[in-house]
Amino acid sequence: MEAGRLFHTPIPWRPVLTPSPLISPRFIRASSKSHFCDQKGSYRGPKPKRDWLADWVSNNDDTVRSFPIYVGGGSLLSVVFNRIISGIALVTDASSSQSRADLLTLGLAVTNILAGLVWLSIRPKSISVVNPQGVECRRIYPNIAASLVSELLWVWESLSVVTCCRSLVILYDRNCILQIGMAAESSDDDGEAMAVDATKLMQGSLYQGVIKSGAQSYLANLSLYPGKSELPFLPSNTQAVILQPIGDKGIIIIGGDTIRGFTTSDQAWITLIGEKLDASLSKYVNNISVVVQDRV
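Only a predicted model underlies this, so the values are computations on that prediction, with no experimental measurement involved.

Thresholds applied
Per chain, residues are indexed from 1 in the order of the written sequence. Residue-level local features of this predicted model are given only where pLDDT is at least 70; pairs of side-chain atoms are given and counted only at 80 or more, and the full residue set underlies all totals for whole chains, interfaces and linings. Water and hydrogen atoms play no part in the side-chain values, which are based on all heavy atoms of the structure. In short, DSSP must find at least two bridges between two strands for them to pair. Each helix is a run of H or I in the DSSP string that is no shorter than four residues. Each strand is a run of E no shorter than two, and both are numbered from the N terminus. All axes here are fitted lines through C-alpha atoms, helices being fitted over the stretch that makes contact, and every angle between N-to-C directions spans 0 to 180 degrees. Should any heavy atoms of two residues lie within 4.5 Å, those residues are counted as being in contact. The rule for a disulfide is simple: a pair of cysteine sulfur atoms within 2.5 Å. Whether a residue is buried, partly exposed or exposed follows from its accessible area with a 1.4 Å probe, protein chains only, as a fraction of its type maximum: under 20%, in between, or over 50%, in that order. Every residue is assigned a pLDDT by the predictor, reflecting its confidence on a scale from 0 to 100. Roughly parallel means an angle under 35 degrees; roughly antiparallel, over 145; roughly perpendicular, 65 to 115; everything else is oblique. Working rule for handedness: look at the near helix, and if it is turned counterclockwise from the far one by less than a right angle, call the crossing left-handed; if clockwise, right-handed. Amino acids are sorted into nonpolar (Ala, Val, Leu, Ile, Met, Phe, Trp, Tyr, Cys and Pro), charged (Asp, Glu, Lys and Arg) and polar (every other residue, Gly among them). Expected span of a helix, by definition, is 1.5 Å for each gap between consecutive residues, and there is one gap fewer than residues. Bend is computed residue by residue as the angle between axes fitted to the seven residues ending at the residue and the seven residues starting at it. Definition of a polar contact: a pair of N or O atoms within 3.5 Å, with one able to donate and the other able to accept a hydrogen when the atoms are protein atoms, and with sequence-neighbouring residues admitted only if both atoms are side-chain atoms. By convention in these notes, a salt bridge is any Lys or Arg side-chain nitrogen within 4 Å of a carboxyl oxygen on Asp or Glu.

Chemist: Break down the sheet that holds strand β4 (residues 217-219) for me, with residues and values.
Modeler: In space, the six strands of this open sheet follow the order β1-β3-β2-β6-β5-β4, with antiparallel pairing throughout. Here the strands that pair on one side only, and so sit at the sheet edges, are β1 (135-140) and β4. Averaged over neighbouring strand pairs, the angle between their axes works out to 15° when direction is ignored. Bridging between strand β5 (residues 240-246) and strand β6 (residues 250-256) involves seven bridges; their strand directions are antiparallel. Among the inter-strand pairings, Val-241 is bridged to a residue of β6, identified as Gly-255. Against the sheet, helix α5 (residues 146-162) touches β1, β2 (165-172), β3 (175-183) and β6, its axis set at about 150° to β2. Each of β4, β5 and β6 touches helix α7 (residues 205-213); the most contacted strand, β6, lies at about 120° to it.

Written as structure tokens, this is what we have:
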């Protein structure tokens, strides 16, 4: 029994803990001078590399384009000079290897000259911003809630500041909700902007195509599209147009002042704006229908 008690007696466990040094927080004092700056305050970090060849080519565009002409002309002169000093007659002889080599050189020289002439005749068209020819316009559909008006104006201000938008027209539920920015002058020559004929516009191919597809349509160069005649209310020199559907009841028409001026990011953002306006305008139309039913 004693032996049993001896083996069952609990032995207390008291580990010896060694005191650990206190860890105090370290504070790094910010230096008044950056690591990438020297005593004079100049930048000492990695600098971007410049492509000297590309810069030289862009600054000497005419010289580079005419360079094949110089090479071809020099090759022709060198062939003639070689035949003169070598004592070979200028008349080509097919049986002579020298004549065959000279003919090949002449062909390459003429090819270089023609390539240089093509380079000089074909030049990329410069894309510049134009000033819309028209009058300022600000028309908002009456009896719209103040919150919806503020949202519409926010859309206009955002697009006009961030993108190349200079004209904005919003149609919804067979009504022109907003016409703002630059617009074509009225045919009455009274200095007023041309009003948007919503009924005629909705019957056109541009509106019908956008509504049926349910996707955004980007006319990057409006002058190349025959459907330009369906947008007479835009300035005559409008360069680009985006047609953004608002659900299946409306459309946003955005006119720009630059050819291909709307980037892919702009187009994606305008798509989100169309979805937001669809939600807001649908609520407005539903509220109007409820009010009308209550009055009846």
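Moving on from the model shown.
Chemist: Account for the state of the cysteines, with residues named and values stated.
Modeler: Taken as a whole and judged by the stated rule, the model has zero disulfides. Cys-137 carries a free sulfur, and the closest cysteine sulfur to it, the one in Cys-176, is 8.1 Å from it. On the basis of relative accessible area, Cys-137 is assigned to the buried category, the value being 7%.

Chemist: Got a sec to walk through the environment of Leu-106? Specific residues and values, please.
Modeler: With respect to the element layout, Leu-106 can be found in helix α4 (residues 97-121). Once the C-alpha coordinates of Leu-106 and Leu-76 are considered, the two residues, 30 residues apart in sequence, prove to be 6.2 Å apart. Setting aside chain neighbours within four positions, we find Leu-106 in contact with Leu-76 and Val-79.

Chemist: Talk me through the confidence of the model for the protein; I want residue IDs and the actual numbers.
Modeler: For the protein, per-residue confidence averages 80 on the pLDDT scale, and residues scoring 70 or more make up 77% of the total. Contacts for the low-pLDDT stretch residues 20-41, under 50 throughout, to residues beyond four places or in other chains number eight contacts. Scored below 50 in pLDDT, residues 289-296 shows zero contacts in the model against residues more than four places distant or in partner chains.

Chemist: How would you summarise the packing of helix α3 (residues 61-85) against α4 if you had to cite specific residues and measurements?
Modeler: Closest axis-to-axis distance for the α3/α4 pair is 8 Å, and the angle between their directions is 160°. As the angle between them shows, α3 and α4 are arranged roughly antiparallel. As α3 runs across α4, the sense of the crossing is left-handed. Residues belonging to the contact of α3 with α4 are distributed by class as follows: twelve nonpolar, ten polar and four charged.

Chemist: How would you summarise unusual backbone geometry if you had to cite specific residues and measurements?
Modeler: Leave glycine aside and you will find that most residues have negative phi; peptide bonds, for their part, are mostly trans. Even without a glycine there, the phi angle at Asp-173 is positive, about 55°. Checked against the element boundaries, Asp-173 lands in the loop between β2 and β3.

Chemist: Give a description of α3 that names residues and reports values.
Modeler: Note that an α-helix has 3.6 residues per turn; residues three or four places apart therefore point the same way. The end-to-end C-alpha distance of α3 is 37 Å, a good match for the 36 Å that 25 residues give at a rise of 1.5 Å each. Bending of α3 peaks at approximately 40° at the position of Phe-67, with proline Pro-68 no more than four residues after it. Every buried residue of α3 is accounted for by Arg-65, Ser-66, Pro-68, Gly-72, Ser-75, Val-79 and Arg-83. Where α3 is buried, its residues contact α4. At the C-terminal side of α3, Gly-87 shows a positive phi close to 80°.

Chemist: Residue-level account of the environment of Ile-254, with values.
Modeler: In this structure, Ile-254 sits in strand β6. Measuring from C-alpha to C-alpha, the distance between Ile-254 and Ser-167 comes to 5.7 Å, with 87 residues separating the pair along the chain. Each residue touching Ile-254, except ones within four places of it in the same chain, is listed here: Leu-159, Cys-165, Ser-167, Leu-168, Ala-240, Val-241, Ile-242, Phe-262 and Ile-270.

Chemist: Just give me the short version of α5, but keep the residues and values in it.
Modeler: Along its 17 residues, α5 runs 24 Å from first to last C-alpha, staying within 8% of the 24 Å computed at 1.5 Å per residue. Residues Leu-148, Val-149, Glu-151, Leu-152, Leu-153, Val-155, Trp-156, Ser-158 and Leu-159 constitute the buried set of α5.

Chemist: Any details on the side chain of Ser-167? Residues and values, ideally.
Modeler: Of note, Ser-167 is situated in strand β2. In terms of polar contacts, Ser-167 uses its side chain to reach the backbone carbonyl oxygen of Met-182, at 2.6 Å. Excluding residues within four positions of it along the chain, Ser-167 makes contact with Trp-156, Ile-180, Met-182, Leu-234, Pro-235, Ile-253, Ile-254 and Gly-255.

Chemist: Tell me about the pattern of salt bridges, and please be specific about residues and values.
Modeler: Tallying each qualifying case throughout the model produces three salt bridges. Of the charged contacts in the structure, one is a salt bridge between Lys-276 and Glu-151, with a shortest N-O distance of 2.8 Å. Taken together, the residues Lys-276 in helix α8 (residues 264-295) and Glu-151 in helix α5 connect sequence positions 125 residues apart. Residue classification places Glu-151 among the buried residues on the basis of a relative accessible area of 17%. Between Asp-257 and Arg-166 there is a salt bridge, and its shortest N-O distance comes to 3.2 Å. With Asp-257 in the loop between β6 and α8 and Arg-166 in strand β2, the pair connects residues that are 91 residues apart, well separated along the chain. For Arg-166, a relative accessible area of 28% puts it in the partly exposed group.

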